[in-house]
Amino acid sequence: MTAVLLRLTLAAALAAALAGPAAAQDTPPTAGDAQKMAVEGLSKLLDALNLFVKSVPQYAAPEVLPNGDIIIRRLNPAPAPEKPKTPEPDETHT
């Protein structure tokens with residue numbers, strides 16, 4: 001559970017860093033500028049949150065088998081790594 005909290009904290013910190021302060025300006029920002037910056041910041045925060053949610057594995061409800069084993073299946077399993085193809089032996093050599 002602490003790993004989840006750590007990831008959430010890191011995602012929020014990343015979003016805050018990406019939304020950082022605007023470059024120095026000669027004129028004070030207007031209400032339209034503030035609204036635009038708020039929308040951009042919220043967009044980046046939602047993108048970071050979306051990446052965080054996708055990184056958390058999702059599991060189905062536990063199943064109890066007749067022999068007493070408990071299975072907790074992953075809903076979105078990670079793709080299995082491909083095995084390297086072994087070259088076919090050359091039949092011309094003896």
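In short, a report on the structure. Values in this document were obtained by computation on a predicted structure and should not be read as measured data. (Residues numbered from 1 in each chain as written. Predicted model: local features only at pLDDT ≥ 70, side-chain atom pairs only at ≥ 80, totals over all residues. Heavy atoms only, no water.)

1. Topic: the overall build of the protein chain
Broken down by element type, the protein chain carries two helices and two strands. Taken from the N to the C terminus, the helices and strands of the protein chain come in the order α-α-β-β. For the protein chain, the proportion of its 94 residues judged to be buried stands at 5%. Split by element, the accessible area of the protein chain, about 8600 Å² in all, is 64% carbon and sulfur. (Helix = DSSP H or I, 4+ residues; strand = E, 2+ residues; numbered from the N terminus. Buried < 20%, exposed > 50% of the residue type's maximum accessible area, 1.4 Å probe, protein only. Areas by Shrake-Rupley, 256 points an atom, 1.4 Å probe, with all protein chains shown as cover.)

2. Some details on a nonpolar patch on the surface
Together, Y59, V64, I70 and I72 give the surface a local cluster of nonpolar side chains, amounting to about 440 Å² of exposed area. Positionally, Y59 belongs in the loop between α2 (31-55) and β1 (63-64). Of the residues examined, Y59 reaches a relative accessible area of 44% and is grouped as partly exposed. (Patch = residues over 30% accessible without salt bridge, like charges linked within 9 Å, V, L, I, M, F, W, Y side chains within 5 Å. Salt bridge = Lys/Arg side-chain N within 4 Å of Asp/Glu carboxyl O.)

3. Regarding the environment of I72
With respect to the element layout, I72 can be found in the segment after β2 (70-71). Taking the C-alpha atoms as reference points, I72 and Y59, 13 residues apart in sequence, are found 6.6 Å from one another. Other than its neighbours up to four places away in sequence, I72 contacts Y59, A60 and P62. (Contact = heavy atoms within 4.5 Å.)

4. A look at the environment of Y59
With 17 residues separating them in the primary sequence, Y59 and N76 have C-alpha atoms 7.9 Å apart. Those residues within four positions of Y59 in sequence are excluded, and the remaining contacts are I72, R73, R74 and L75. Of the polar contacts made by the side chain of Y59, one reaches the side chain of R74; its length is 3.0 Å. (Polar contact = N/O pair within 3.5 Å; in protein donor to acceptor, adjacent residues only side chain to side chain.)

5. What about α2?
Over its 25 residues, α2 runs 36 Å from end to end, which matches the ideal 36 Å to within 8%, given 1.5 Å per residue. When α2 is considered as a whole, its buried residues turn out to be G41, A48 and F52. (Expected span 1.5 Å × (residues − 1).)

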